[in-house]
Amino acid sequence: MVPAQINSSPIDKWPFQLSRPVIIAGPCGVESEEQIFATAKALSKLNIQLLRGGIWKPRTRPDSFQGIGSEGLKWLKNAGLENNLPVTVEVANPKHVEEALNAKIDVLWIGARTTVNPFLVQEIADALRGVDIPVMVKNPINPELELWIGAFERLNRSGINQLMAIHRGFSTFSKSKYRNAPNWQIPIELKRRFPDLPLVCDPSHISGVRSLIPSLSQIALDLNYDGLMIESHINPYEAQSDKDQQLTPDALGELLANLVVRQSSVDDVMFLNLLDELRDRINSIDERILVLVAERMSVAREIGQYKKENNMTILQVERWNDILKTRSQSGEMKELSTDFVIKLCELIHEESIRHQTEIMNLKEADKAK
Ligand code: PEP
Ligand code: MN
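Residues numbered from 1 in each chain as written. Chains lettered and ligands numbered in written order. Predicted model: local features only at pLDDT ≥ 70, side-chain atom pairs only at ≥ 80, totals over all residues. Heavy atoms only, no water.

Draft legend 1. Up close: the domain arrangement of the chain. You can read the domains of the chain as domain 1 (11–258) and domain 2 (269–368). Using only C-alpha atoms to locate each centre, domain 1 and domain 2 end up separated by 41 Å. (Domains from an automatic or database assignment.)

Pasting the structure below:
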């Protein structure tokens, strides 16, 4: 497969010149003319750069509020015009695209439940051929980076070059403090591969609750994201969708005032020297870790040989349980999270099994080669 390439113009080249950190805010859904006007008016005092509002809501259950529908488009657009804010809506099919373009919506976004479906993304991309409009793409609900990248490629091929990625977390079956697991390594990998593609975080859909939004927002900025998309509603307690995760404009104002925006690079020589020293220490610690892991693998190979001679299976569940228990207890004393220690043990164990499997299945003839 050809390595992916995403063409995206920098945010300061967008039609309304965004600047870092880009703050996108607005209600989960447009519910009435009064609601979107009151919300937009309050938000316009907070230096937000783009007003969001869902018109068609992708809801899990059919009895939930499905969005106000097409009539809300003009309310959203007018609320934006009155407050000098460009506006954005979610589109999930070509009909949404057509209606949003007719209503002169400034930016479109593709939701997580749509990014997951290449047929729909292609239909949207086809409907946008020849249209000059910025498009933001949320990550797919499943943790698959390639699918996210595929959506940008499809849009690029239709001539859309003003693109932005929105990280909104990933569905999980397991219980966690978040509604959607952040899996930070996925957007970090996206940024590593496509450093010019603007990336914003949507802490509202990651957290699912108001209380976690400020800390997630700060993490995102500290990871050098270009901005945030945060749900804000004039009266979140009565919202018809996502009411636990929407902030009042006042609460959003407080969050923004408390955010620390750090620089991604500095030119203070003393600081850079110290940073280099610390990085050297990290480099040598990493090297020591690798030497130790390699040493551990050679012991695993000896064990493999021994098990082979005694016709014993590679895996003994009791031993594996014991490793998990003792290592997480020891990790806890060293202020390492149990989650991390278990993941690390699993990785090491997998590699160790690979070595032992190789030894076990080595034929005498192979050895001679
Ligand atoms: C939304 O932004 O309101 C929305 C439906 O988001 P997501 O696609 O991330 O679930
Ligand atoms: Mn929502």
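Still more to cover.
Draft legend 2. Structural context of the packing of helix α6 (residues 145–157) against helix α7 (residues 185–193). At a closest axis distance of 10 Å, the pairing of α6 and α7 adopts a crossing angle of 45°. Between α6 and α7, the crossing angle belongs to the class labelled oblique. The element α6 and its partner α7 pack so that their crossing is right-handed. Across the interface between the two elements, L145, E146, W148 and I149 from α6 touch I186, P187, E189, L190 and R193 from α7. Taken together, the residues of the contact of α6 with α7 sort by class into six nonpolar, no polar and three charged. (Axes fitted to C-alpha atoms, helices over the stretch in contact; angles between N-to-C directions. Helix = DSSP H or I, 4+ residues; strand = E, 2+ residues; numbered from the N terminus. Parallel < 35°, antiparallel > 145°, perpendicular 65-115°, else oblique. Left-handed = near helix turned anticlockwise from the far one by under 90°. Contact = heavy atoms within 4.5 Å. Nonpolar A, V, L, I, M, F, W, Y, C, P; charged D, E, K, R; others polar.)

Draft legend 3. Representation of the coordination of the manganese ion (ligand 2). Coordination sphere of the manganese ion (ligand 2), protein contribution only: C28 (SG), H205 (NE2), E231 (OE) and D242 (OD), at 2.1 to 2.4 Å. Each donor residue of the manganese ion (ligand 2) lies on the same chain, and together they follow the pattern C-x176-H-x25-E-x10-D. Of the two residues, E231 sits in strand β8 (residues 227–231) while D242 sits in the loop between β8 and α10 (249–258), which places them 11 residues apart along the sequence. Each member of the pair E231 and D242 is classed as buried. (Donors = N, O, S within 2.8 Å, 3.2 Å for Na, K, Ca; no water. Buried < 20%, exposed > 50% of the residue type's maximum accessible area, 1.4 Å probe, protein only.)

Draft legend 4. The pattern of salt bridges, seen in detail. One pass over the full model with this rule turns up 14 salt bridges. A salt bridge links K95 to E99, with the shortest nitrogen-to-oxygen separation between them at 2.8 Å. Taken together, the residues span about one helical turn, with K95 and E99 both in helix α3 (residues 94–102) at a distance of four residues. Here K95 falls in the exposed class, since its relative accessible area comes to 52%. Where salt bridges share partners, they join R301, E351, R354 and E358 into one cluster. (Salt bridge = Lys/Arg side-chain N within 4 Å of Asp/Glu carboxyl O.)

Draft legend 5. Representation of the layout of surface pockets in the model. Computed from the structure, the largest pocket encloses a volume of approximately 480 Å³. Contributing to the lining of the largest pocket are 16 residues, with R327, V341, L344, C345 and I348 lying nearest its centre. Mapped by element, the contributors of at least two residues to the lining of the largest pocket are α11 (269–309), α12 (317–333) and α13 (338–360). For the lining of the largest pocket, the class distribution of residues is 10 nonpolar, three polar and three charged. (1 Å grid on protein atoms, 1.4 Å probe; cavity = no way out; pocket = protein on both sides within 12 Å on 5 of 7 lines; lining within 4 Å. Points joined across faces, edges and corners; volume = space filled by probe spheres on them.)

Draft legend 6. Geometry of the sheet that holds strand β7 (residues 199–201). What the eight strands build is a closed barrel, ordered β1-β2-β3-β4-β5-β6-β7-β8; its pairing is parallel. Between one strand and the next, the sheet's axes are offset by a mean angle of 25°, whatever the strand orientation. In the sheet, strand β4 (residues 107–110) pairs with strand β5 (residues 135–138) via three bridges, with the strands oriented parallel. The residue of β5 that forms the bridge with I110 is V137. Docked against the sheet, helix α9 (residues 213–222) engages β7 and β8, running at close to 160° with respect to β8. (Pairing = 2+ DSSP bridges.)

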